[in-house]
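Here is how the chains run, residue by residue.
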Amino acid sequence: MSEVIVITSGKGGVGKTTTTANVGTGLAKLDKKVVLIDTDIGLRNLDVVMGLENRIVYNLVDVIEGNCRIKQALIKDKRCPNLYLLPSAQTRDKTSVNPEQMKKLVTDLKSEGFDYILLDCPAGIEQGFKNAIAGADRALVVTTPEVSAIRDADRIIGLLEANEMKNTHLIVNRIRMDMVKRGDMMSMEDVVEILAIDIIGAVPDDENIVVATNQGEPLVGNDSLAGQAYLNICHRIMGEEVPFLDLDKKGFFTKLGNLFKKN
Amino acid sequence: MTIIDKFFKKKSSGDYAKGRLQMMLVTDRANCSPEVMEAIKRDIMDVLAKYVEIDTEKLDIQINQTDSDTHNGSVPVLLANIPIKSMKGR
């Protein structure tokens, strides 16, 4: 049985594509067969985050318009043999595809034997959003602890409900524990309380994310805090119970340094 | 934050953000703009003014969230607190 997951947020720039890349890679590292679909037509990004931008021949719109077969458009990941990417079209716009066509595409991919089909949704609530959620079984709503992102997330949660999405979970991204402690940033608990929705992941604001994106290599599963947080999300998606990370955890040497600073 | 700061400092910016969001989402979820809210207020007052004299100063009408089994556990509810100065004689 394959599960179709849409990663969405409403607001742009909160980390949908980074989340899709890391969760997808993480699930593949856990031996699942995974395909990532970039549904942001006209603003292609998932390919660069995955480091696969030089391998694109066909794209999503080519598949939908019948210019190629699905298998021809799927790009195999560099590192994970059971991970594939279906890139978006860069020179077309969102009206090139409709929700019915997306549903059919997802159904066709299901018969290819994928365990997980991840849809990276564009920002906004228009056509692109409607396309992305059309074939999805569950949704991951990404937000950051900022008023604008949370307000948009609330709107998205409402729209998902209106579209009868039964399984929606929250990911709070870019948490800065130093600011939360000072009272200058809403905590993960605050966000959950405001949005009244189950949380599946809390990801710290981590410099390593920028480095990983620069290199086109998702950091999921490495020893950075963000890498661990993403891997935990993957385990939770697979139905395992994993306790939430202590995002305040610092390395041994930082602690040692602080000890000397205090005295 | 030291104890002294806690007592004397104003509300932290995180708390402020949370408060603002909670207010914002109430109107967002109720799909009710401030203008609509004003119009509702005005109409309720007009109807009541036919029968009673209202203390317009202390009038308070708002849309809040209340617990429910559907819609993410909460639905909007209209709360009105309208002090009556006197009943109008028939």
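To be clear, the structure that these remarks concern was listed above.
Moving on to the overall build of chain A. Looking only at helices and strands, chain A has 12 helices and eight strands in total. Relative to a compact globule of 263 residues, whose C-alpha radius of gyration would be 18 Å, chain A shows 18 Å and is just as compact. Classification of the 263 residues of chain A by burial places 49% in the buried group. Contacts spanning at least 24 positions in sequence make up 75% of the contacts within chain A whose residues lie at least 6 apart.

A few words now on the overall build of chain B. Of regular secondary structure, chain B possesses three helices and four strands. Secondary structure elements of chain B occur, N-terminal to C-terminal, as α-α-α-β-β-β-β. For chain B, the residues scored as buried account for 3% of the 90 residues in total. Pairs at least 24 apart in sequence give 51% of the contacts found in chain B among residues at least 6 apart.

With that settled, consider the pairing of strand 5 (residues 116-120) of chain A. The side chains of a regular strand alternate between both faces of the sheet. All names here are of chain A. Burial runs high along strand 5: five of the five residues are buried. Burial of the side chains of strand 5 extends over both faces: Tyr-116, Leu-118 and Asp-120 are buried on one face and Ile-117 and Leu-119 on the other. Note that strand 1 (residues 3-8) and strand 5 share five bridges and pair parallel. Bridge pairing in strand 5 links Ile-7 to Asp-120. As judged from the five bridges shared by strand 2 (residues 34-38) and strand 5, these two strands associate in the parallel manner. Directly across from Asp-38, in strand 5, lies its bridge partner Asp-120.

Further remarks concern the environment of Leu25(B). Here Leu25(B) lies in helix 2 (residues 13-30). Using a count of 20 C-beta atoms within 10 Å as the deciding quantity, one classes Leu25(B) as buried. Residues Leu25(B) and Asn64(B), 39 residues apart in the sequence, show an inter-C-alpha distance of 9.7 Å. Aside from chain neighbours lying at most four places away, what touches Leu25(B) is Arg151(A), Asp154(A) and Ile194(A).

With 17 residues of chain B in contact, the opposing surface of chain A contributes 16 residues. No other element matches the 12 residues that helix 2 of chain B contributes to the side of chain B that touches chain A. Here the residues of the side of chain B that touches chain A are counted per class, giving five nonpolar, seven polar and five charged.

All names here are of chain A. Interhelical geometry of helix 7 (residues 147-162) versus helix 9 (residues 188-195) gives an angle of 40 degrees and a closest axis separation of 10 Å. For the element pair helix 7 / helix 9, the angle class is oblique. When the axes of helix 7 and helix 9 are compared, the crossing they make is right-handed. Counted together, Ile-150, Ala-153, Asp-154 and Ile-157 of helix 7 and Val-191, Ile-194 and Leu-195 of helix 9 form the full contact between these two elements. In the contact of helix 7 with helix 9, the residues fall into six nonpolar, no polar and one charged.

Here the focus is the nonpolar core. Residue and element names in this part refer to chain A. The biggest cluster of nonpolar side chains holds 81 residues, and the ones touching the most others in it are Ile-117, Leu-118 and Leu-119. Here this core takes eight residues from helix 11 (residues 225-237), the largest share from any one element. Apart from the residues within four sequence positions on either side, Ile-117 is in contact with Ser-2, Val-4, Val-35, Ile-37, Val-106 and Leu-109.

Let us now look at the sheet that holds strand 6 (residues 138-143) of chain A. Residue and element names in this part refer to chain A. Spatially, 3-4-2-5-1-6-7-8 is the arrangement adopted by the eight strands of the open sheet, whose pairing is mixed. The strands lining the two open edges of the sheet, one partner per strand, are strand 3 (75-76) and strand 8 (199-204). Bridge count between strand 2 and strand 4 (residues 83-86): four bridges; the pairing is parallel. Looking across to strand 4, one finds that Val-35 is bridged to Tyr-84. Across the sheet, helix 1 (residues 16-29) lies against strand 1, strand 2, strand 4, strand 5, strand 6 and strand 7 (167-175), angled at about 170 degrees from strand 5, the strand it touches most. Set on the sheet, helix 6 (residues 127-134) makes contact with strand 1, strand 5 and strand 6; between it and strand 1 the angle comes to about 155 degrees.

What counts, and at which threshold
Sequence order as written defines residue numbering, which begins from 1 separately in each chain. Note on labels: chains are lettered from A, ligands numbered from 1, in written order. For this predicted model, a pLDDT threshold of at least 70 governs which residues receive local features, and a threshold of 80 or more governs which side-chain atom pairs are given and counted, while totals over whole chains, interfaces and linings are taken from all residues. Numbering of helices and strands runs from the N terminus, with a helix taken as a DSSP run of H or I at least four residues long and a strand as a DSSP run of E at least two residues long. The globule rule used for comparison is 2.2 Å times the number of residues to the exponent 0.38, while the radius of gyration itself is calculated over C-alpha atoms. Any residue whose C-beta has 12 or fewer other C-beta atoms within 10 Å is treated as exposed, any with 20 or more as buried, and any in between as partly exposed, C-beta atoms being built from the backbone. Contact definition: two residues whose C-beta atoms, as placed from backbone geometry, lie within 7 Å. Any two strands between which DSSP finds at least two bridges are classified as paired. Polar here means any residue outside two lists: the nonpolar Ala, Val, Leu, Ile, Met, Phe, Trp, Tyr, Cys and Pro, and the charged Asp, Glu, Lys and Arg; Gly therefore counts as polar. With axes taken as lines fitted to C-alpha atoms, and helix axes fitted only over the stretch in contact, angles between N-to-C directions fall between 0 and 180 degrees. Here roughly perpendicular refers to angles of 65 to 115 degrees, roughly parallel to angles under 35, roughly antiparallel to angles over 145, and oblique to all remaining angles. Crossing handedness is defined as follows: a turn of the near helix away from the far one that is anticlockwise and smaller than a right angle gives a left-handed crossing, while the clockwise case is right-handed. In these notes, a nonpolar core means any group of buried Ala, Val, Leu, Ile, Met, Phe, Trp, Tyr and Cys residues linked to one another through C-beta atoms within 7 Å.

Keep in mind that these numbers describe shape and distance, not what the molecule does.
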